[in-house]
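Observations on the model geometry
Each chain, letter by letter, is given below.
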Amino acid sequence: MLFYWYSVGFEKYFYYISFPNNIDMKNKLLLALMLGTAFSAKAQYCTVNINCSDSDVITNVTFAGINNNSGCSPNGYGSYIAAAPAQVIAGQASPISVTVGNGWYERVSVWIDYNNNQTFEASEFLGEIGNGGEGVTVSGSITVPVTVPTGSYRMRVLCFAAGQDEAASEDPCINDADQYGEYEDYMVSVTNNNLAVNESSKTKNVLSVYPNPATNTFEIKTSNKLKKIVLFESGGKLVKTFNTPQEKYDISDLAPGVYILKIEGDDSQTVKIVKK
């Protein structure tokens, strides 16, 4: 019997593989490898099917280097993941605009699979872009959280005939040809300068952030000349800025949780701090 496991994103799957006694170990390992490839091949993004034939369609997506014109794709799904990816920097806002057809009042939704587990989860829904309309270009901005590591991630854009009185769809996997709209997938290349600080530099310049966890205040002991201290929620939202060095940094007004502390000075470093 062999034990086999594979992972998809952060999920791991374990299997027990039993072989007849007359198969030698070399062939057992070969068969296990073949089976593992078959299991891994099953991991894929959800299948979508939506109707874009009545002008409920995406005609252009412009975002961080992407400028893609398109029409109605088969089954309402267009994959552009083989094209050059969008280039974004974590923590910085990047403008996005999406042009839609005039089939009805269209609303545009966006997701990015930040954990690369081939599932667009509720926490990865970025909301609606603009306010929708018929035959219009809606625009907004996307800020990749500062907690997202450097890497490539899939972005899904949905144009959905929701109507003027309904909210944008939060479903990244509509599989119903009686629904009207279109999905398009793109790749986003993220550069995270905040998390790219050399560990030895962190050790040298940031001696301690304490207490951590903190209740109402924390202190920073460092040989780095401080200029500004910035706090982000774990999802990337800016929540507090200290523009001058302080003996103690007051966070009594923040809700309990995990925050990203960006220390800007001669060098910029990023550490996590927990508010109790």
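About the cut-offs
Residues numbered from 1 in each chain as written. Predicted model: local features only at pLDDT ≥ 70, side-chain atom pairs only at ≥ 80, totals over all residues. Heavy atoms only, no water. Core = buried A, V, L, I, M, F, W, Y, C linked by side-chain atoms within 4.5 Å. Buried < 20%, exposed > 50% of the residue type's maximum accessible area, 1.4 Å probe, protein only. Helix = DSSP H or I, 4+ residues; strand = E, 2+ residues; numbered from the N terminus. Contact = heavy atoms within 4.5 Å. Phe/Tyr/Trp six-rings, centres within 6.5 Å; stacked < 30°, edge-to-face > 60°. Lys NZ or Arg CZ within 6 Å of the ring centre and 35° of its normal. Pairing = 2+ DSSP bridges. Axes fitted to C-alpha atoms, helices over the stretch in contact; angles between N-to-C directions.

1. Thoughts on the nonpolar core
Grouped together as the largest cluster of nonpolar side chains are 26 residues, with contacts concentrated most on Phe-63, Val-98, Met-155, Val-157, Val-188 and Val-190. The greatest single-element share of this core, amounting to four residues, is contributed by strand β12 (residues 151-160). Contacts of Val-98, omitting those with residues within four sequence positions, involve Ile-58, Asn-60, Val-61, Val-108, Val-136, Thr-137, Val-138 and Val-157. In terms of nonpolar packing, the next biggest core, distinct from the first, is built from 15 residues, Ala-214, Leu-226, Ile-229 and Phe-242 among them.

2. Concerning the side chain of Asp-185
Tracing the chain through its elements places Asp-185 in strand β13 (residues 175-191). Its relative accessible area of 0% is what places Asp-185 among the buried residues. Filtering out sequence-adjacent residues up to four positions away, Asp-185 remains in contact with Tyr-77, Gly-78, Ser-79, Tyr-80, Ile-81, Arg-154, Met-155 and Arg-156.

3. Details of the packing of aromatic side chains
Counted under the stated rule, the structure contains six aromatic pairs. Taking 5.2 Å as the distance between ring centres and 40 degrees as the angle between the ring planes, the aromatic pair formed by Trp-111 and Phe-125 counts as tilted. One end of the pair, Trp-111, is in strand β9 (residues 106-112); the other, Phe-125, is in strand β10 (residues 125-133), with 14 residues separating them in the sequence. Three or more aromatic residues joined by ring pairs form one cluster here, namely Phe-218, Phe-242 and Tyr-249. The ring of Tyr-183 carries the charged tip of Arg-156 above its face, separated from the ring centre by 5.6 Å.

4. Let's talk about the sheet that holds strand β20 (residues 269-275)
Spatially, four strands are ordered β17-β16-β19-β20 in an open sheet, and the strand pairing comes out antiparallel. Edge positions in the sheet fall to β17 (238-242) and β20, since each of these pairs with one other strand and no more. In this sheet, adjacent strand axes meet at a mean angle of 25 degrees when their direction is disregarded. Across four bridges, strand β16 (residues 226-233) lies against β17 in antiparallel orientation. Across the sheet, residue Val-230 finds its bridge partner in β17, namely Thr-241.

5. Let's talk about the environment of Ala-90
As for its placement among the helices and strands, Ala-90 is situated in the loop between β7 (86-89) and β8 (93-100). Residue class for Ala-90 comes out buried when judged on its relative accessible area of 3%. Ala-90 sits 57 residues away from Thr-147 along the chain, and the two C-alpha atoms are 7.8 Å apart.

Read these as layout, nothing more, since geometry by itself doesn't imply function.
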